[in-house]
Amino acid sequence: MTNIPKEKTLDSSVKLLLEGFPFLQRRFRKFNSDIFETRLLLQKVVCLHGPEGAALFYDNEYFKRNGAVPKRVQKTLTGENALHTMDDAAHRHRKEMFMSVMSQESIKRLLDLMAAQWQAYTLEWETMDRVVLFDEVREIMCRGACAWTGVPLKESEVSKRADDFVARVDAFGAVGPRHWRGRFARIRSEKWIARIIEQVRNGELQVQEGTPAHTVAWHRDLNGELLDQHMAAVELINLIRPIVAIARYITFSALALHQFPVYRQRILAGEENYVEYFVQEVRRYYPFAPFLGARARSDFEWQGYEFEEGQLVLLDVYGTLHDERLWERPTAFSPERFKYWKGSKFDFIPQGGGDYDSGHRCAGEWITIEVMKQAVAFLTEAIEYRVPNQDLHYSLRRMPTYPKSGFVISNVRRTGKLPAAFASVPPAASHAATAAPQRCPFLG
Ligand code: HEM
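Analysis parameters
- Residues numbered from 1 in each chain as written.
- Predicted model: local features only at pLDDT ≥ 70, side-chain atom pairs only at ≥ 80, totals over all residues.
- Helix = DSSP H or I, 4+ residues; strand = E, 2+ residues; numbered from the N terminus.
- Near = placed C-beta within 6 Å.
- Nonpolar A, V, L, I, M, F, W, Y, C, P; charged D, E, K, R; others polar.
- Pairing = 2+ DSSP bridges.
- Contact = placed C-beta atoms within 7 Å.
- Axes fitted to C-alpha atoms, helices over the stretch in contact; angles between N-to-C directions.
- UniProt positions renumbered as here; feature names shortened; annotations may be inferred.
- Buried ≥ 20, exposed ≤ 12 C-beta atoms within 10 Å, placed from the backbone.

**As for unusual backbone geometry**
1) Next: Residue Met399 is joined to Pro400 through a cis peptide bond whose omega torsion reads 0°.
2) Next: Along the chain, the position of Pro400 falls in the loop between β9 (383-386) and β10 (408-414).
3) Next: Of note, the phi angle at Asn81 is positive, near 60°, even though the residue is not glycine.
4) Next: Within the secondary structure, Asn81 is located in the loop between α4 (71-78) and α5 (88-100).
5) Next: Of note, the phi angle at Asp88 is positive, near 55°, even though the residue is not glycine.
6) Next: On the secondary structure map, Asp88 appears in helix α5.

This is the structure:
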């Protein structure tokens, strides 16, 4: 039996808050090991790093999620008792519902709805002195996500609803006011969406079959029962809120285009798949999810280390994405690396690893990649802009993080060119046109 290297500490929770994203990575380096033990929130925690650690973490035989996601994260980010906390047959059944709305056709519909929003917003940006990209893109994402799911969004509530979704994500690594903002935002958004579920079920709101609102409202659990209204709201939000969260990756994409202009040129040169390499590198390079948690199902041994039943285990997402053994010059931004990447399901894990259907890998990873590709194509081909002086620093201590200024652009001009993916998409006549699905130009 080998002893797991142990951090000498009564509790490291404060250090985690102070150090942020690199907290785990620093300790793996200090111990020169892909496993170590520490104490967080007054409990013993075993931390795993790298593809072998990830393969173990995603092995359903050894780990479960029930009891692993802290209540403070459920009460802000995910909602309580959501898919993220389920296991075994019940998880697979609920996950099937999520994956059923991730078909190519469904994602294409989302992209068309988003494209109309990009066009409507840039019309307005031309008239504005300064545009805070993060603030605008979260609205674009919120409108697109609501239209796609089938959730009506009044013009007057766009900003408030988008704010609440942002606040819920913003709360996941926070204590104090930021955490409480997230809690209140969860309560408001769940109340709103629970009413939508009620209206879909009683026929007050007509939504097309196949849309996420229809799918979730009429989904039956393994016992054949509809989800209770609140649970259905939690899960429908788990399809909307994370789309709004893509605004962070899009803001980081704009930052990358600004900081590394050579890649803007390569994208404009039209090299095949280059936009995809670029967004993959954005997802690797910039921080989002720091780590993930699971609990051991029973006592077991792995590589000579002993795990105890109920043991809390964390998987180091940020550190694995910046490990020099996996990524050449990990601190350099280099989309080219994805040209040659022959990775596994366990090394490139910005949205989790392993399988989509049987495991907890992010249900929305394909959406994230496609929505980011669309945004990058738009930012490079459809508009020109200036980037005035501003504070573009993003703090690794803040979880989650984004550039302090929100990425301000000015002098926005439409080029008159539309990326190929937009060519067939009629612009939204007004924001309201795509916000209410009944009047959506694509769904009729
Ligand atoms: C900003 C982009 C996103 C990031 C960084 C992200 C990240 C993650 C991560 C780290 C997980 C946990 C994986 C695990 O527990 O092993 C996850 C799970 C999940 N994500 Fe995402 N995600 C994003 C976008 C999306 C989108 C667009 C959707 C849906 C439209 C989505 C829906 C989900 C769902 C339903 C789960 C739970 C899966 C399960 O437990 O089986 N996410 N995501």
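Moving on from the coordinates now.
**What about the site of the ligand?**
1) Next: Surveying the vicinity of the ligand reveals 24 residues, the closest of which are Pro242, Gly352, His360, Cys362 and Gly364.
2) Next: Within the residue set of the shell around the ligand, elements represented by two or more residues are α5, α11 (229-259) and α15 (365-382).
3) Next: Per element, the largest residue contribution to the shell around the ligand is seven residues, and it comes from α11.
4) Next: For the shell around the ligand, a count of residues per class yields 15 nonpolar, seven polar and two charged.

**Notes on the sheet that holds strand β8 (residues 312-316)**
1) Next: Overall, mixed pairing links the five strands, which are arranged β1-β2-β8-β5-β3 in an open sheet. Of all the strands in the sheet, the pair left with one neighbour each is β1 (35-40) and β3 (63-64).
2) Next: Set on the sheet, helix α3 (residues 50-57) makes contact with β1, β2 (43-48), β3, β5 (291-296) and β8; between it and β8 the angle comes to about 140°.

**Quick notes on the UniProt feature "binding site: heme" (unreviewed entry) in the protein**
1) Next: The UniProt record annotates "binding site: heme" (unreviewed entry) at Cys362.
2) Next: Secondary-structure assignment places Cys362 in the loop between α14 (317-321) and α15.
3) Next: What makes Cys362 partly exposed here is the crowd of 18 C-beta atoms within 10 Å.
4) Next: Not counting residues up to four positions away in its chain, the partners in contact with Cys362 are Gln351 and Gly352.

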